[in-house]
Amino acid sequence: MSDTIKCPNCLTEHLTGLNLKPGDKRIFKGNCKKCHLPLKFKINSSSQYGLMEQDFITFQINGVVNKITGEYPLTMSLNDYLRNVLNLKGTKIMCKEGGCGSCLVNAEVFDYSTKMNKNISINSCLFPLYSCDGLKLTTIEGIGSKKTGFNEIQKRIGDNNGTQCGWCTPGMVMNMYNLLAENPRPQKQEIEDSMDGNICRCTGYRPILTAMKSFAKDEKPIDIEDLNKIKCLNKSNVCLKSNKNVHLIQDEIEWYVPKNMKTLNELLVQFSSIPYRLVAGNTSTGIYKSDGPYKVFIDLKSIEELYMIEKYDSLIKIGSQVTLSSLIKAFEEFSTSPGFEYLITLSHHLKKIANRGVRNTGTWSGNLCMKNLHKEFPSDVFICLETAGAKLTVTTTDGFSKVLSPWEFFSLPLNSKLLYSVSLEPLSQDTLLRTYKIMPRSQNAHAYVNAGFKFSIDPKTKVVKSLPCILFGGISPEFSHASNTEKFLVGKSLLNESVLNSAFELLNSEIKPNNDPVLAAPEYRRSLALALFYKFVLETCQKEINPKYLSAFQSLIDTRPLSQGSHTFPDEDPSVLPVTKPMPKLNAYLQASGEAKYTYDNTSLKNQLEGAFVQSKLANCRIKSIDDSLAKNYPGVVCILYAKDIPGKNSFMPSPFPPEFLFAHDKIDYAGQAIGLVLAESAAIAQQASKLVKLTYEDQKPPILNLFDGIKSSSFFPKPIDDFKFGDPDSAMKQCAHIIEGDVFLDTQAHFYMENQNAVCMETEDGYDVDCATQWIDLVQGGVQEVLGLPTCNRVNVKVKQVGGAYGGKITRANITATAAALGCFATKRPVRVALDLNSSFSLIGRRFPWYAKYKIGCDQNGKLIAIKIDWYCDAGNSPSDNSMPVGPSFVDNVYNCPNWFISSNLVKTNLPANTAVRSPGFFPAIAIMETMIEHVSTYFKKDPFEIRQINLYKKGDVTPIGQPLSYFNADELIESIRSSSGYDQRCREIEKFNSENKWKKRGISLTPIKWGIGWTGAYYNCMISIYAKDGSVSISHGGIEIGQGIHTKVAQICAYELGVPLETISIKPADSFTNLNAMATGGSITSELVSQACIECCKIIQKNLAPVRQTMPKDYTWLQLIQKALEMGVDLAARYWICPKTKNPFEYCIYGACVSEAVLDVLTGESQILRSDILYDGGKCSNPLIDLGQAEGAFVMGMGFWLSEKIKHDPKSGILLTDGTWEYKPPTTKDIPIDFRISFLINNPNPEGVLGSKAIGEPPLCLTPSVAFAVKRAIEAARKELTGDEQYFALNSPATVDSIQQLCSVDFKQFKIF
């Protein structure tokens, strides 16, 4: 037998040096000694060595063929390739978990099941680059641009103001593009369902849904011309499909694409003793990121027989490579066959797995294999298949196969085995199968508990005829079947309440949830499991049960109707156009096409390095030693920097702020704290190397992880402000007829901005240029100067064009990445980018300040407030820098007149990252605490909260405790107006009737108002306008940062009005530290109006300069003629104005609003839906009503997340953050917003103190969300009253998540009756 092989490139022959025998099926690798080409070889059919067939992959992107031979890391994602290799930055990246949708692209794939091509949307952040072989991919750049013309989808989302910060917009567009490519005439429900994987933090979703649902067949579907553009794009005649096996090698890692089972089995034999990974959709890496490392990847996508979908009279057989989306479609199709009707139940459940993008690539078998490797995984596929009695076929490399149940499969070692197929059989007509999934939010979430029940029941007697299936997930890794309860129920009737009572007792004893700090409490999961079985029993016996229980088994989530929204705002004022015109943002189309550039979209500079933080894994300890030898020797690592390498001050916060370490060097305050910075040739290398740094700790103490433990440990910072006192609260309290005491806790909330924190720094001849996603240019400049020890701040040049979401999180915390990048640049003399991923951002950076208030209220006999005393506490984390407690006393009164106040403010120090500003910091908790006290008073007096609010309202002309005269006060009018327009009184009566007729569903309604003061004193911004004489065009640069609030558009509108020029002639330039120096942070809802005022003053200067020129102009002169004449006369065509207003009162003016929200609650599960929210907002004379509407909707929905779904959890021992990504942290999605969302702006009510009659908008609407919380609370109160007779007051602490709501309802399985 020959033992030589020939290199196909240089034809050099090589001796293998191997003593092989015919029949040896192993594959070997090596490199040509002459040209170094990677070689793969094995014995061929003629007993000779032969090279593997193909060592490259080919695919198309936007019609361009890409051929890759292994020059990129085999673990590279498609997203990395698009953004960092091809520089296609329109496709965004945020979570790297498939949980946000910003990375979606379209893929045309060959469906082996149908033998046809089809389009699917895929999460490019998870999809491996080397799985793209044979695909035709379309990105946002491929469907429309300013050069080629915008796509209709891009236009409609822009025209409907469906974009604010714009980071999520390309993903939204691509999701819709894919839907229309497959179905150009979709139903509205299909469109709304398709958005389950796209998160937007800015808009509140309503305008996005409006834009997308305009494509529905009963609205304005896409016309045939635009449809053909979609259908024909990327449809070249190039055939990319290959029948050749693929084998790629890089850095001792191998990637295989076998084309048949024979080759696959050979590979499984060859690599049975080394770590390998079977690749299908690769979606599990979004959850279990630490699996591996693997030496071999085997991509299964090209093995045709694994895509089988076969239907027989008494059997359905599905191959293991069938995706979840294809499985859902098959189940829906086959559910019309006799005996297989139950498949519609399974298909409905499978739609709740993750989101559309994940289901398009993830396979049912992959979901089960994930459960096999991670027993705690709450697999929905397992629940569905095990409940249905499915059988799994597992093949082995020796040609044998095993048939197992899904439950048996989990104890099977998978090495050298393949989950080949699943088979399902028909069920008898007397068999009822139901599955359930209860989640932290309406969609795109894993289960608290999932369950499946299958009972063969006599239709008349409801006797259980055979062994039923009672199955649960989410209880513990070991528990699934409630075997004892299953056996007990055989031969017994579900109509016998004695039997049911015994069954519930037995089931309660069987269910023993484990106690894991990241999971919901064991008490809830046990109660929920019992409740789900109760729901099943009620549905089974629905014709016989008490009518009050009928609504119990109907899911609030499954029966949610289509969302809808309406709005009214003032008419345009022709005298000031384009001001007051409702128009989308100037760059809305560019955001929708992916052409709007952000800091994270910057093209990598020559020799640029990437940085990743070395982060602590333990809180409240000291560093004993650091071993970074593995990291330093990792290929591609340049260096690792620590505190000792900082030439200046080890604080990313400049003076006069309290110092905050850039790198901890001895004491570690919190888990996740930065200790060093790895600099490497790529971000992936830096991140991987940072995990190789081994830290050892000493002197560990129990971490303080919440303010209650901080209070108990007397862990405080100095008081942030003096105690606030107004009137004589002590004396007044003694005279009060009634004293009410209570407390309330408002927990934290993450920013969840879509563009993660990032900065780039490069050295220049006079210092350093820093591009940073920040809300405060000056702070970045000062921080970099002090960290580098530069003599003056003018050595640092900072620039920012726009930011992909901020919400306060990029005011001071952006300095972390900026100073780190600058330090890296200083140390290496190379450009450096430091960009946090979602997980590191969560663990490194703080969030909204948690507040805890203990209060005492003195009232008269009618509930009129006489005196209020509050001790409130704020969790600052490990630094007091950003605390917002000083604003609390100014806002806590809200709209209520109380003559005597005492407030003690206390700042708690904990072992958490320093908390920081989050939308409406300090203002929101103060208002929420006041509204909570009003609720408490109303419960105490057994009155409607509306009545208590009314009797305590301020009146026009009153003066607040901080000395703010209310010369303008219309909260009372707004309350009465929305009471009428929302039908509040009638709905209260309807809710009372509903609650009396339904035991397990309850409704509630609440009306809450706001007074929100706008203070200008201490704010300072600038604006610069330049006019170009060549064509009269105008450029503006101002001190505000575009973070999605539309500041650029508003400024341009005002400039167009003031100068009398067309809006399209105006361009807004990036803000920088040279032009826009000495500007404070963008925030507090005041930046847009103050920058607009600065723009007006600039325009006045220009108009004054132009006045003499106008006198020389002939009649009917044009703007261009005027400007060119001015240049000729030597007139300065630029102006700059710096604004620093000072007001005589604490607030320049006040904003008022009111909101009515109605909620419905599933008492058994804790799930809720907001049926309707009506907002009436006094926005003055809106400078752009469409932008203001979007700001109001977005702020409100963010507030809903605070109250209902966003929960932060830490490991109690280490302090590690457990909710550090989209898998565990749950902001609202498209189906968590109010079903009916109505917003009205007060008409004919200009603000004489505002800019051109306007009022601020960004944050106040968030403070209306107590109406949502208290509507849910009303429903809980109704449930408690009926279930236990308890009418005592209780505080609704935030977040009122699904699990906490159910527990507040006092549900007990002993209450479960059927008659």
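Before reading further, recall that the structure is shown in the block above.
Attention in this report is confined to the structure presented alongside it. Note that the structure is predicted; figures quoted are calculated from it, not measured.

### Focus on the environment of Asn-360
- Inspection of the secondary structure puts Asn-360 in helix α10 (residues 356–361).
- Once you skip the residues sitting within four places of it in the chain, Asn-360 turns out to touch Ile-120, Ser-121, Thr-323 and Ser-325.
- Within polar-contact distance, the side chain of Asn-360 engages the backbone oxygen of Ser-121 at 3.0 Å.

### Here's the deal with the sheet that holds strand β43 (residues 1066–1068)
- Strand order in this open sheet of four strands is β43-β42-β41-β45, and the pairing throughout is mixed. The sheet terminates laterally at β43 and β45 (1134–1139), the two strands that pair on one side only. Along the sheet, successive strands turn relative to each other by an average axial angle of 15 degrees, direction set aside.
- Direction of pairing for strand β41 (residues 1021–1027) relative to strand β42 (residues 1034–1038): antiparallel, over a ladder of five bridges.

### Notes on the environment of Pro-654
- Mapped onto the elements of the fold, Pro-654 is located in the loop between β27 (637–641) and β28 (667–668).
- Considered as a pair, Pro-654 and Ala-447 are 207 residues apart in the sequence and their alpha carbons are 45 Å apart.
- Excluding its chain neighbours within four sequence positions, the residues that come into contact with Pro-654 are Lys-649, Leu-779, Gly-782, Gly-783, Glu-786 and Asn-815.

### Description of the pairing of strand β34 (residues 767–772)
- Burial runs high along β34: five of the six residues are buried.
- Inspection of the sheet shows strand β33 (residues 758–764) paired to β34 by six bridges, in the antiparallel sense. Along β34, the bridge assignment pairs Cys-761 with Val-770.
- Linking β33 back to β34 in an antiparallel pair, the connection comprises two residues.
- Here β34 runs beside strand β35 (residues 796–800); their pairing, made up of four bridges, is parallel. In the strand pairing of β35, Asp-769 is matched with Asn-797.
- For the crossover that starts at β34, traverses helix α22 (residues 777–788) and ends in the parallel β35, the hand is right-handed.

### So, the sheet that holds strand β29 (residues 674–680)
- The mixed open sheet is built from eight strands, whose spatial order is β27-β29-β25-β36-β33-β34-β35-β44. This sheet does not close on itself; its edge strands, each paired only once, are β27 and β44 (1071–1072).
- Pairing geometry for strand β25 (residues 609–615) and strand β36 (residues 832–835), over three bridges, is parallel. Pairing of Glu-610 across the sheet is with Arg-833, part of β36.
- Against the sheet, helix α19 (residues 683–690) touches β25, β27 and β29, its axis set at about 20 degrees to β25.

### Observations concerning the nonpolar core
- Judged by nonpolar contacts, the single largest core of 301 residues is most densely connected at Phe-472 and Ile-1025.
- With residues up to four places along the chain from it excluded, the contact list for Ile-1025 reads Val-1034, Ser-1035, Ile-1036, Cys-1055, Cys-1095, Cys-1098, Cys-1099, Ile-1102, Leu-1133, Ala-1134 and Ala-1135.
- Formed by 38 residues, the second largest nonpolar core is a distinct cluster that contains Ile-316, Phe-340, Trp-364 and Leu-414.

### Points about the pattern of salt bridges
- Taken as a whole and judged by the stated rule, the model has 59 salt bridges.
- Across the pair Arg-1274 and Glu-1277 runs a salt bridge, and its minimum N-O distance is 3.0 Å. In this pair, Arg-1274 and Glu-1277 are both assigned in helix α34 (residues 1266–1284), three residues apart and thus about one turn of the helix distant.
- With relative accessibility at 21%, the residue Glu-1277 sits in the partly exposed group.
- Several salt bridges share partner residues, and in doing so they unite Glu-931, Glu-935, Arg-949, Lys-1273, Arg-1274 and Glu-1277 into one network.

### Some details on the side chain of Asn-1076
- Relative to the helices and strands, Asn-1076 is located in the loop between β44 and α31 (1087–1110).
- Within the structure, the side chain of Asn-1076 is placed 2.9 Å from the side chain of Ser-1037, a separation counted as a polar contact.

### A closer look at the pairing of strand β9 (residues 116–123)
- The sheet contact formed by strand β8 (residues 104–111) and β9 spans eight bridges and is antiparallel. Considered in β9, the bridge of Ala-107 is made with Ile-120.

### What about helix α7 (residues 261–270)?
- Most of α7 sits inside the fold, with eight of its ten residues counted as buried.
- Structurally, the start of α7 carries an N-cap: the backbone nitrogen of Lys-262 is 3.2 Å from a side-chain oxygen of Asn-260.

### So, empty space enclosed by the protein
- On inspection of all chains with the given rule, the structure shows eight cavities of 30 Å³ or more.
- Each pocket or cavity is described by its volume, and for the largest cavity that value is around 220 Å³.
- Surrounding the largest cavity, 23 residues form its lining, Arg-441, Ser-442, Ser-1168, Leu-1204 and Asp-1232 being those nearest its centre.
- Among the secondary structure elements, those contributing two or more residues to the lining of the largest cavity are β47 (1168–1177), α33 (1185–1204) and α35 (1298–1304).
- Its volume calculated, the second largest cavity comes out at about 110 Å³.
- Lining the second largest cavity are 15 residues; nearest its centre among them are Lys-96, Tyr-600, Ala-835, Leu-836 and Asp-837.
- Of the residues contributing to the lining of the second largest cavity, the split by class is seven nonpolar, four polar and four charged.

### Focus: the side chain of His-936
- Mapped onto the fold, His-936 is located in helix α26 (residues 923–941).
- On the basis of relative accessible area, His-936 is assigned to the buried category, the value being 8%.
- Polar contacts involving the side chain of His-936 include one to the side chain of Tyr-855, which spans 2.7 Å.
- If we skip the residues at most four places from it in the chain, His-936 touches Ile-740, Glu-741, Gly-742, Tyr-855 and Tyr-1289.

Quick notes on the rules
Counting restarts for each chain: residues are numbered from 1 in the order of the written sequence. Reporting in this predicted model follows two pLDDT cut-offs: at least 70 for local features of residues, and 80 or more for side-chain atom pairs to be given and counted; totals over whole chains, interfaces and linings ignore these cut-offs and use all residues. Values shown for side chains rest on all heavy atoms present in the structure; no hydrogens or waters enter the calculation. A run of H or I in DSSP becomes a helix once it reaches four residues, and a run of E becomes a strand once it reaches two; helices and strands are each numbered from the N terminus. Any two residues whose heavy atoms approach within 4.5 Å at even a single point are treated as in contact. In the analysis that follows, any N or O atom pair within 3.5 Å is treated as a polar contact, provided that within protein one partner can donate a hydrogen and the other can accept it, and provided that, for residues neighboring in sequence, both atoms belong to side chains. Between any two strands, pairing holds if DSSP finds at least two bridges. Think of each axis as a best-fit line through the C-alpha atoms, taken over the contacting stretch in the case of a helix, with angles from 0 to 180 degrees between the N-to-C directions. Partly exposed describes any residue whose relative accessible area lies between the buried limit of under 20% and the exposed limit of over 50%, with all areas from a 1.4 Å probe on protein chains only and scaled to the type maximum. By convention, a crossover is right-handed whenever its connection, traced from the first strand over the helix to the second and viewed with the strands pointing away, goes clockwise. Think of a nonpolar core as a cluster: buried Ala, Val, Leu, Ile, Met, Phe, Trp, Tyr and Cys residues, connected wherever their side-chain atoms sit within 4.5 Å. In what follows, salt bridge is the name for a side-chain nitrogen of Lys or Arg lying within 4 Å of a carboxyl oxygen of Asp or Glu. Space inside and on the surface of the protein is sampled on a 1 Å grid over the protein atoms alone, with a cavity defined as a set of points where a 1.4 Å probe fits but cannot get out and a pocket as an open set with protein on both sides within 12 Å along at least 5 of 7 lines; lining residues have an atom within 4 Å of a point. Grid points are joined across faces, edges and corners, and a volume is the space filled by probe spheres set on the points. Classification used: nonpolar for Ala, Val, Leu, Ile, Met, Phe, Trp, Tyr, Cys and Pro, charged for Asp, Glu, Lys and Arg, polar for all others including Gly.

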